[in-house]
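Descriptive analysis of the structure
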Amino acid sequence: MLDTTPGEPAVPAPAPVPVAEEPRGCLFALSQPPLMIFLGVIGGLLLLAALHDLFLL
């Protein structure tokens with residue numbers, strides 16, 4: 001228990017800790033243009049390879 005006799009100084013409350021930003025997730029990462037360009041190029045190459053396999057081989 002906390003002793004609150006009148007002769008003792010009160011303990012000051014701790015300073016509020018600033019709230020850290022929430023971690024950004026996958027949707028934030030997908031909103032970045034360089035990543036979307038990279039994923040588009042990789043997806044395009046996979047599509048071209050699939051079409052090549054389907055129609056030319």
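Concerning the overall build of the chain
A tally of helices and strands in the chain yields two helices and zero strands. For the chain, the exposed area adds up to about 5,700 Å²; of that, 75% sits on carbon and sulfur atoms.

Regarding a nonpolar patch on the surface
Taken together, the side chains of Leu27, Leu30, Leu35, Met36, Ile37, Phe38, Leu39, Val41, Ile42, Leu45, Leu46 and Leu48 make up a nonpolar region of the molecular surface, amounting to roughly 1,200 Å² of accessible area. If you list the elements that add at least two residues to the nonpolar patch, you get helix 1 (26–30) and helix 2 (33–55). At ten residues, the largest contribution of residues to the nonpolar patch is made by helix 2.

Definitions and limits used
Residues numbered from 1 in each chain as written. Predicted model: local features only at pLDDT ≥ 70, side-chain atom pairs only at ≥ 80, totals over all residues. Heavy atoms only, no water. Helix = DSSP H or I, 4+ residues; strand = E, 2+ residues; numbered from the N terminus. Areas by Shrake-Rupley, 256 points an atom, 1.4 Å probe, with all protein chains shown as cover. Patch = residues over 30% accessible without salt bridge, like charges linked within 9 Å, V, L, I, M, F, W, Y side chains within 5 Å. Salt bridge = Lys/Arg side-chain N within 4 Å of Asp/Glu carboxyl O.

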